[in-house]
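Now for the letters of each chain:
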Amino acid sequence: IGIGVANLDGTFHEANRSFCSMLGYPLEELKTRTFLQLTHAEDRAATETEALRLLDGAIDSYSLEKRYVRKGGGVFWSNTTVALMHHENGAPSQFLGIVEDITQRKEADAMRTRLAGVIEFSDDAVVTMTLDGIITSWNPAAQRIYGYTVEEVLGRPVTMLMPEDHIDEEP
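Just so you know, the residues in each chain are numbered from 1, in the order the chain's sequence is written. In keeping with the model being predicted, local features are shown solely for residues with a pLDDT of at least 70 and side-chain atom pairs are shown and tallied solely at 80 or more, while totals for entire chains, interfaces and linings include all residues. Processing note: side-chain calculations cover all non-hydrogen atoms of the structure and skip hydrogens and water entirely.

Novice: Even after reading the chapter, I still don't get the sheet that holds strand β3 (residues 61-69), so can you show me in this structure?
Specialist: Consider a sheet: its strands pair through backbone hydrogen bonds, and that pairing is either parallel or antiparallel. When DSSP finds two or more bridges between two strands, those strands count as paired. Numbering of helices and strands runs from the N terminus, with a helix taken as a DSSP run of H or I at least four residues long and a strand as a DSSP run of E at least two residues long. Read across the sheet, 5 strands follow the order β2-β1-β5-β4-β3 without closing on themselves; strand pairing throughout is antiparallel. In this open sheet, the two strands that pair with only one neighbour each are β2 (12-15) and β3. Shown here is a sheet whose adjacent strand axes are inclined to one another by a mean of 30°, direction ignored. Here β3 runs beside strand β4 (residues 75-86); their pairing, made up of 9 bridges, is antiparallel. Pairing of S63 across the sheet is with T81, part of β4. Contacts: residue pairs with any heavy atoms within 4.5 Å of one another. The axes are straight lines fitted to the C-alpha atoms, using for helices just the contacting stretch, and the angles between their N-to-C directions are given from 0 to 180°. Sitting on the sheet, helix α3 (residues 44-56) touches β3, β4 and β5 (92-101), and the angle it makes with β3 is about 150°.

Here it is in C-alpha cells:
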C-alpha cells in the first residue's frame, strides 16, 4: 500500500517507500511532481473534480479507480483513497492519499470480458458444466444448435443433450 502526502497545490510532500516504488521515483524527485502530473491523462478530470470537491468541503474523502503514469511511461491501475488533513484551526493543510495497485485485477477483469465476448459471439456451442455434468452456462450458439433456451438447460444434466442409447458414454 502506497501512502503519499501532497500539499494543497498537488506537489508531493512525503511518501512511503511503497508509493515511491509504485511510481518509480525516489522521494526527492517525486517531490518535484504533482499528483495530477502523475495521473493518466484520461483520469485527470475525475481526479481534479474530486480534489476540488474535497477542498470545497462537499465531501470528506473520495476513492477512485484510476491510473498513474510511472517514471519511464509505464502505467498502473490503482484504487486511490484521498482525504484532507487540517490545521488546528480547521483549515485544510494537505492531501493524504492511500494507493493500492490493482493492475492485476483490472487485467484479469479485461481478460474475462474479452473471453465472455468470444463465447457470446462464437458460432460454436460453448457449454460449461459441473464435474457432475450439470449445465452451468449456455451460449447463444448452443441455443441455435440444440434448440433449447438457457432457461431450459441451466441446472439440468448434460445428458439431456445425448441420445438415449449413448448416455453411458457421457462419463
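Novice: Quick question: what am I supposed to make of the environment of D168 here?
Specialist: Considering the arrangement of structural elements, one finds D168 in the segment after α6 (150-153). A residue is classified by how much of its surface remains accessible, and D168, at 63% relative accessible area, is exposed. Through-space distance from the C-alpha of D168 to that of E50 is 62 Å; in sequence the pair is 118 residues apart. Throughout, exposure labels follow a simple rule: accessible area from a 1.4 Å probe, protein chains only, divided by the maximum for the residue type, with under 20% read as buried, over 50% as exposed, and the rest as partly exposed.

Novice: What is the right way to look at a negative patch on the surface in this model?
Specialist: Patches here are clusters of residues that have more than 30% relative accessible area and form no salt bridge, with a 9 Å joining cutoff for like charges and a 5 Å cutoff for nonpolar side chains (Val, Leu, Ile, Met, Phe, Trp, Tyr). Here the accessible surface of atoms and residues is derived via Shrake-Rupley with a 1.4 Å probe, and residues count as covered only by protein chains that are part of the display. Any Lys or Arg side-chain nitrogen located within 4 Å of an Asp or Glu carboxyl oxygen qualifies as a salt bridge. The charge count includes Lys and Arg as positive and Asp and Glu as negative, but it does not include His or the ends of the chains. Taken as the charge location is NZ of Lys, CZ of Arg, CG of Asp or CD of Glu. Residues E164, D165, D168 and E169 make up a contiguous surface patch of negative charge. Summarising the element assignment, D165 is placed in the segment after α6. Of the residues examined, D165 reaches a relative accessible area of 59% and is grouped as exposed.

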